[in-house]
Amino acid sequence: MRFGILGETRAWHDDGTEAPLGGPARRALLALLLLRPGAVVPAERLAGELGQGAEPSAHALQSQVSRLRAALGPEAAIERTGAGYRIVVPADAVDAVRFERLAAEGRAALRDGDAGAAVRLLREALGLWRGPALAGLPDGESAHAAAARLEELRLAALEDRIEGELRLGEHRAAVPELRELARRHPLRERTAALLMRALSAGGGQAEALLVFEETRRRLAGELGADPSPELARLHRELLAAGPAPSPAAPPAQLTSFVGREREVAGVAALLRTARLVTLTGPGGVGKTRLAVEVAAGADGEVCFAELAALSDGGGLPQALLAALGLRHDGLQLAGGARAPLERLVAALSDRELLLVLDNCEHLIDEAAALAGRLLAACPRLRVLATSREPLAVIGERVWPVRPLDGAAAVRLFADRASAAGRGLAADPGLVRRICAALDDLPLAIELAAARLRTLGVRELAARLDDVLGVTARGVRTADERHRTLRSVVAWSWELLSPEEQRAARRFTVFAGGASGRAAREVCVAGGDVLESLADKSLLEVAGDGRVRMLETIRAYGAERLEEAGEGEEARRAHARQLLELARAADAHLLRAEQLDWLPVLGAEHGNLLAALRWAAGAGERGLGLRLLAAASAYLWIRGVSASVAPYAIALLSGEPPQDGGLGEEYAICVLHAAAVPAGRELWLRHAAAAGEALAAAWPGDRAGRHPAALLLWMMRNAGERDPGDAFTLVSAQRHCPDPWARALSHYVGGFDALGTGGAAAGEDAFRAAAEGFRGTGDRWGLALALDVLAGLASGRGDQAEAIALTDRALTLSGQLGALEDQADFLVNRADYLISGDGAGDFSAARAGYASAAALARRAGSSSGLAAALRGFGDLALLAGDLAEAERLYARALERNDPHWVRSLGTQVRILVGLGRVAAARGDRSTAATRYGQAAEAAAAMGPAVPGALRLLGLPAGIAAVLTSG
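Residues numbered from 1 in each chain as written. Predicted model: local features only at pLDDT ≥ 70, side-chain atom pairs only at ≥ 80, totals over all residues. Heavy atoms only, no water.

Observations regarding the overall build of the protein chain
Thought 1: Scanning the protein chain from terminus to terminus reveals 46 helices and twelve strands.
Thought 2: When the 965 residues of the protein chain are sorted by exposure, 55% land in the buried category.
Thought 3: Taking all contacts inside the protein chain whose residues are at least 6 apart in sequence as the whole, residues at least 24 apart take part in 70%.
Thought 4: About 38,800 Å² of surface is accessible on the protein chain, with carbon and sulfur atoms providing 52% of the total. (Helix = DSSP H or I, 4+ residues; strand = E, 2+ residues; numbered from the N terminus. Buried < 20%, exposed > 50% of the residue type's maximum accessible area, 1.4 Å probe, protein only. Contact = heavy atoms within 4.5 Å. Areas by Shrake-Rupley, 256 points an atom, 1.4 Å probe, with all protein chains shown as cover.)

In structure tokens, the structure reads:
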């Protein structure tokens with residue numbers, strides 16, 4: 001039998017029929033007994049509650065019990081025990097008991113960082129409610145208290161569910177519900193905090209700050225209280241936070257959308273039931289525009305990945321990571337570069353998102369394999385693809401995109417004719433004939449309509465007859481439609497002036513568009529020529545000033561470029577223009593202006609890859625090395641060096657440069673090649689020569705050209721057998737003329753000082769490093785130095801300073817959009833909230849680990865998630881829950897990547913935690929094994945193991961064991 005008290009009290013037999021309980025007295029009696037199934041409720045209390053304040057009547061109570069027994073039958077026994085009654089039913093048969101169990105499990109999953117499981121459990125729990133708890137019961141003391149308790153649990157579970165949904169990226173859907181919740185509970189701070197986070201995630205930072213101010217005023221006016229430390233901390237984070245990386249939005253459209261409104265609705269409806277929908281059709285039929293419109297109207301997050309510029313399917317995962325706004329890789333140890341596909345799966349595994357893969361046809365096999373893998377591993381992901389052929393993935397639904405119907409084609413022509421400055425007073429039949437001649441293909445219609453600036457409608461129709469031979473054709477197939485489009489592109493091309501043709505074909509070397517300045521330089525054309533090409537629909541000028549060319553036109557223009565014999569010249573000019581831009585940016589990327597220049601190079605990432613691909617393939621090794629080195633700081637700060645690794649590997653096909661002028665560039669190329677597992681062999685072959693070249697470029701008394709290479713050289717060598725030479729090289733920059741290199745030498749020297757001179761000497765070095773980085777304006781280096789200083793402050797017991805320093809590091813990493821760094825700093829901050837003696841702010845620490853886990857999931861960082869799980873394990877261990885601690889440590893160990901530089905510390909702490917669990921159980925053998933494994937992991941951190949252990953904040957006894965191990 002099942003029972004419900006979350007609403008009006010009801011009972012159902014096992015066959016689903018409802019038991020006739022009778023009047024309100026019997027329902028109230030059953031509800032009071034069900035509050036604690038199996039527990040004895042004193043008869044005096046039952047009588048008093050049922051009597052609503054009247055004199056208790058034992059006889060009346062006994063009568064109601066007898067009638068209730070008869071209504072329930074043998075499936076539920078009501079027993080008289082001593083001075084009271086109890087109902088004997090399984091606890092989980094009562095909806096309130098089941099609700100509490102599910103809510104507790106959901107809250108535990110949320111603490112563990114498993115937002116997907118948490119949301120599922122909490123939705124199930126909240127789905128058990130049918131109205132107010134204990135509805136219809138007399139207002140007795142026990143019933144009132146029980147109902148208030150259940151309603152409070154319901155509200156907490158609702159907040160837990162919304163928090164889980166926010167971690168999964170469902171901030172848009174959460175805002176209306178949170179607004180209503182905040183209206184009904186204006187003094188509830190957790191609701192206010194959730195609403196602030198949801199608004200901020202959707203770009204409404206100003207509104208989020210207003211919510212805080214309104215909440216603060218209410219608390220002060222009605223309770224005379226200040227906001228809680230947690231709410232005040234969130235307020236400070238919102239004030240300090242910079243823009244976070246976000247998925248690439250669908251490209252902005254500069255023209256109206258005509259004729260496919262029903263298709264937009266149809267594709268959107270199909271995506272609600274199918275997780276992979278592919279729009280197919282010939283070039284120019286409007287697949288991309290239809291996908292843009294569907295994506296623009298989609299609920300939740302959307303990521304639009306434009307694949308046309310990719311020439312190699314192997315770069316697909318990197319391209320999707322870039323479209324998601326994520327780093328491809330990080331500071332890893334030798335041989336430890338993680339596959340971009342793994343990062344994609346981690347980033348999307350629990351995220352509700354629509355991924356648009358635009359222009360898959362030239363990478364059809366790779367796109368199909370990637371889509372299949374992601375859909376299998378990421379249950380909340382949906383994919384909308386555009387291609388000239390289906391992907392042929394299981395579960396795919398194909399939507400053929402047809403040419404426009406006749407009326408829509410005429411409307412499109414009229415709309416574009418109006419944009420060309422011509423009203424359309426021509427014979428509608430003539431316009432229809434033009435559109436039919438163009439097979440009603442949207443791109444062909446737009447190209448033809450653009451000609452109305454110089455031609456009349458009748459003249460246009462006559463010329464199209466000549467170009468297409470319309471009267472000689474019968475029914476057109478899809479391939480013939482493609483030939484029609486090609487003929488229209490060719491016709492439009494032939495009508496260009498020689499100068500316009502030259503500019504258009506040279507523009508095809510750009511991948512992903514170009515700035516106006518770059519287009520003028522590479523195309524050797526003035527602004528008026530580019531404007532003329534835009535007027536004729538051969539180019540598009542976006543709202544951000546970037547110039548783009550539709551892929552169909554670009555493919556045709558590329559053929560004309562080769563026919564003209566200008567391919568090598570144009571690509572060389574393109575690469576040199578990229579080199580000039582990268583050099584200009586490189587001077588600012590480790591300075592205060594880095595926030596201005598990082599987006600500039602980010603916009604040119606596709607062009608950078610195209611230029612490097614050409615340089616590597618054309619034997620332009622010197623140009624390729626210079627370009628790679630000039631872009632290196634951007635590539636490393638943004639964590640996208642894996643995207644250039646194939647070209648770095650190709651550039652290293654020969655021997656090291658012998659002229660001495662490119663030694664530093666050669667060493668940087670070796671670093672980039674080593675960013676992926678395929679570059680390991682090259683690293684082993686070139687590392688010694690590259691180290692010598694870098695040392696020659698940075699002798700200590702003069703500066704080289706690319707100081708960021710020093711940090712990466714040190715990080716890259718940290719996991720090798722003998723990192724001493726790299727350590728010496730960086731330490732030698734103490735008196736270098738370059739201020740960033742000097743700051744770095746203090747940073748690296750601090751680790752040595754910790755091991756040889758103690759905490760005070762190490763802290764002096766790191767403070768000097770922080771001041772040096774601050775002096776240059778570099779947020780990247782400053783955040784790293786502040787993070788280490790925070791660890792030292794915690795080590796000497798000053799948790800307040802540790803937290804303050806970490807908050808500053810969090811602000812800086814937020815400005816750079818470094819999700820993984822933020823997750824790492826949040827874990828450290830949570831660690832500092834718990835002192836070594838077991839005291840501390842456990843609630844705030846748990847919240848910190850949860851926030852870190854959410855960021856790590858969004859960034860696709862399994863190691864970041866491992867660090868958060870390790871933190872949860874520490875909390876369980878401090879609480880004495882050995883089984884839970886062991887489970888969490890084991891999950892953390894599975895997810896941690898020991899090749900990641902920062903993950904070495906996580907690895908040590910996980911193994912130490914497992915050792916502590918074993919020791920607490922009296923299992924000395926297992927404890928010793930785990931401590932030994934931790935010692936091996938600590939040894940991989942380099943020569944300054946004692947200093948590294950101090951930074952980990954481990955108890956002195958364990959640190960001693962590891963150091964001697």
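With respect to the pattern of salt bridges
Thought 1: Taken as a whole and assessed by the stated rule, the structure comprises 51 salt bridges.
Thought 2: The closest approach of N and O atoms between Arg188 and Glu159, which form a salt bridge, is 2.6 Å. Of this pair, Arg188 sits in the loop between helix H7 (171-184) and helix H8 (189-201) while Glu159 sits in helix H6 (residues 141-167), placing them 29 residues apart in sequence.
Thought 3: Where Arg560 meets Glu563, a salt bridge forms, and the shortest distance between an N and an O atom there is 2.6 Å. One end of the pair is Arg560 and the other is Glu563, both in helix H24 (residues 551-563) and three residues apart, which spans about a single turn.
Thought 4: Judged by its relative accessible area of 61%, Glu563 falls in the exposed class.
Thought 5: Each of Arg107, Glu152, Glu159, Asp160, Glu163, Arg167, Arg188 and Arg190 takes part in salt bridges that share partners, so that together they form one network. (Salt bridge = Lys/Arg side-chain N within 4 Å of Asp/Glu carboxyl O.)

Things to note about the nonpolar core
Thought 1: If you look at the biggest cluster of nonpolar residues, it comprises 160 residues, and the most contacted ones within it are Leu357, Tyr747 and Trp780.
Thought 2: Here this core gets eleven residues from one element, more than from any other, and that element is helix H37 (residues 779-795).
Thought 3: Not counting chain neighbours up to four residues away, the residues in contact with Tyr747 comprise Phe766, Ala769, Phe773, Leu784, Ala785 and Val788.
Thought 4: Within the second largest apolar cluster, 74 residues are counted, among which are Ala298, Val302, Cys523 and Ala525. (Core = buried A, V, L, I, M, F, W, Y, C linked by side-chain atoms within 4.5 Å.)

Looking at the side chain of Thr508
Thought 1: When you line up the elements, Thr508 lands in the loop between helix H21 (498-507) and helix H22 (516-523).
Thought 2: Residue Thr508 is classed as buried on the basis of its relative accessible area, which comes to 5%.
Thought 3: Engagement of the side chain of Thr508 in a polar contact is seen with the backbone oxygen of Arg505, the distance being 2.6 Å. (Polar contact = N/O pair within 3.5 Å; in protein donor to acceptor, adjacent residues only side chain to side chain.)

Some points on the sheet that holds strand E4 (residues 77-81)
Thought 1: Read across the open sheet, the three strands follow the order E3-E5-E4; overall the sheet is antiparallel. The sheet terminates laterally at strand E3 (41-42) and E4, the two strands that pair on one side only.
Thought 2: Pairing analysis gives five bridges linking E4 to strand E5 (residues 84-88), with the strands arranged antiparallel. Within E5, the position partnered with Thr81 by the bridge is Gly84.
Thought 3: Its contacts with the sheet place helix H1 (residues 24-34) against E3, E4 and E5, and it is angled at close to 80° to E5. (Pairing = 2+ DSSP bridges. Axes fitted to C-alpha atoms, helices over the stretch in contact; angles between N-to-C directions.)

Remarks on a negative patch on the surface
Thought 1: A cluster of acidic side chains, namely Asp312, Asp365, Glu366 and Glu389, defines a negative patch on the protein surface.
Thought 2: In this structure, Asp365 sits in helix H15 (residues 364-377).
Thought 3: Since its relative accessible area comes to 61%, Asp365 is described here as exposed. (Patch = residues over 30% accessible without salt bridge, like charges linked within 9 Å, V, L, I, M, F, W, Y side chains within 5 Å. Lys, Arg positive; Asp, Glu negative; His and termini not counted. Charge placed at Lys NZ, Arg CZ, Asp CG, Glu CD.)

Comments concerning the environment of Glu446
Thought 1: Mapped onto the secondary structure, Glu446 falls in helix H18 (residues 442-450).
Thought 2: Those residues in contact with Glu446 that lie beyond four places of it in its chain are Leu412, Arg416 and Ser537.

Some points on the pairing of E5
Thought 1: Pairing geometry for E3 and E5, over two bridges, is antiparallel. Of the residues in E5, the one forming a bridge with Val41 is Tyr85.
Thought 2: Taken together, E4 and the strand that follows it, E5, pair antiparallel across an intervening segment of two residues, in which Gly82 is found at a positive phi of about 60°.

As for the packing of aromatic side chains
Thought 1: The tally for this structure, following the rule as stated, stands at nine aromatic pairs.
Thought 2: Their ring planes at 75° and their centres at 5.8 Å tell us that Tyr747 and Phe766 sit as a pair that is edge-to-face. With Tyr747 in helix H35 (residues 739-756) and Phe766 in helix H36 (residues 759-776), this pair connects stretches of sequence that are 19 residues apart. One exposure class covers both Tyr747 and Phe766, and it is buried.
Thought 3: Between Tyr849 and Phe872, the ring centres sit 5.7 Å apart and the planes meet at 65°, which makes this aromatic pair edge-to-face. (Phe/Tyr/Trp six-rings, centres within 6.5 Å; stacked < 30°, edge-to-face > 60°.)

Thoughts on the environment of Pro723
Thought 1: One can find Pro723 in the loop between helix H33 (708-717) and helix H34 (724-731).
Thought 2: Placed ten residues apart in sequence, Pro723 and Trp713 show a C-alpha to C-alpha distance of 9.7 Å.

So, the environment of Pro251
Thought 1: With respect to the helices and strands, Pro251 occurs in the loop between helix H10 (229-240) and helix H11 (261-273).
Thought 2: Its relative accessible area of 26% is what places Pro251 among the partly exposed residues.
Thought 3: Note: C-alpha distance between Pro251 and Arg289 (38 residues apart in sequence) is 9.4 Å.
Thought 4: Leave out the neighbours within four places in its chain, and Pro251 touches Val292 and Phe304.

Here's the deal with the side chain of Arg98
Thought 1: Mapped onto the elements of the fold, Arg98 is located in helix H4 (residues 95-111).
Thought 2: One buried charged residue, Arg98, remains without a salt bridge, the closest side chain of opposite sign being Asp92 at 5.1 Å.
Thought 3: Excluding its chain neighbours within four sequence positions, the residues that come into contact with Arg98 are Asp92, Ala93 and Leu128.

Some words on the sheet that holds strand E10 (residues 396-400)
Thought 1: Strand order in the open sheet formed by five strands is E7-E8-E9-E6-E10, and the pairing between neighbours is parallel. The sheet is open, and its two borders are formed by strand E7 (301-306) and E10, each paired with just one other strand. Each neighbouring strand pair of the sheet contributes to a mean axis angle of 20°, computed without reference to strand direction.
Thought 2: Of the strand pairs in this sheet, strand E6 (residues 276-280) and strand E9 (residues 381-387) are connected by five bridges, and their pairing is parallel. Within the sheet, the bridge partner assigned to Val277 lies in E9 and is Leu384.
Thought 3: Here helix H12 (residues 287-296) sits on the sheet and contacts E6, E7, strand E8 (353-358) and E9; the angle it forms with E9, its principal contact strand, is near 160°.

Structural notes on the packing of H33 against H34
Each pair of packed helices gets described by two things: the angle between the helix axes and the distance between those axes.
Thought 1: As a packed pair, H33 and H34 sit with axes 9 Å apart at the nearest point and diverge in direction by 160°. Accordingly, the angle class assigned to the pair H33 and H34 is roughly antiparallel. Judged by the twist between their axes, the crossing of H33 over H34 is left-handed. Along its contact with H33, which presents Leu710, Trp713, Met714 and Asn717, the element H34 presents Ala726, Phe727, Leu729 and Val730.
Thought 2: Looking at the contact of H33 with H34, its residues break down into seven nonpolar, one polar and no charged. (Parallel < 35°, antiparallel > 145°, perpendicular 65-115°, else oblique. Left-handed = near helix turned anticlockwise from the far one by under 90°. Nonpolar A, V, L, I, M, F, W, Y, C, P; charged D, E, K, R; others polar.)

Here's the deal with unusual backbone geometry
Thought 1: Residues other than glycine seldom take positive phi values, yet Asn359 does so here, at roughly 70°.
Thought 2: With respect to the secondary-structure elements, Asn359 resides in the loop between E8 and H15.

Focus: the confidence of the model for the protein chain
Thought 1: Looking at the protein chain, pLDDT values average 84 and 88% of them are 70 or higher.
Thought 2: pLDDT under 50 marks residues 469-478. Its contacts with residues more than four places away, or in other chains, come to 14 contacts.
Thought 3: Across residues 944-958, where pLDDT falls below 50, the model places 31 contacts with residues more than four positions away in sequence or in other chains. (pLDDT = per-residue confidence, 0-100.)

Description of the packing of H7 against H8
Thought 1: Viewed as axis vectors pointing N to C, H7 and H8 meet at an angle of 150°, and their least axial separation amounts to 9 Å. As H7 runs across H8, the sense of the crossing is left-handed. Taken together, the residues of H8 that come into contact with H7 (itself represented by His171, Val175, Leu178, Arg179, Leu181 and Ala182) are Thr191, Leu194, Leu195, Ala198, Leu199 and Ala201.
Thought 2: Its residues placed into classes, the contact of H7 with H8 shows nine nonpolar, two polar and one charged.

Comments concerning H6
Thought 1: Over its 27 residues, H6 extends 39 Å from the first C-alpha to the last, a length consistent with the 39 Å expected when each residue adds 1.5 Å.
Thought 2: Just beyond H6, the residue with positive phi is Gly169, at close to 90°. (Expected span 1.5 Å × (residues − 1).)

Here's the deal with H37
Thought 1: The terminal C-alpha atoms of H37 lie 24 Å apart, and with 17 residues this matches the ideal 24 Å at 1.5 Å per residue to within 8%.
Thought 2: With 16 of 17 residues buried, H37 is to be regarded as a mostly interior element.
Thought 3: Between the side-chain oxygen at the start of H37 and the backbone nitrogen of Trp780 there is a gap of 3.1 Å, and the oxygen is on Asp778.
Thought 4: In the stretch just after H37, Gly797 is the one whose phi turns positive, near 95°.

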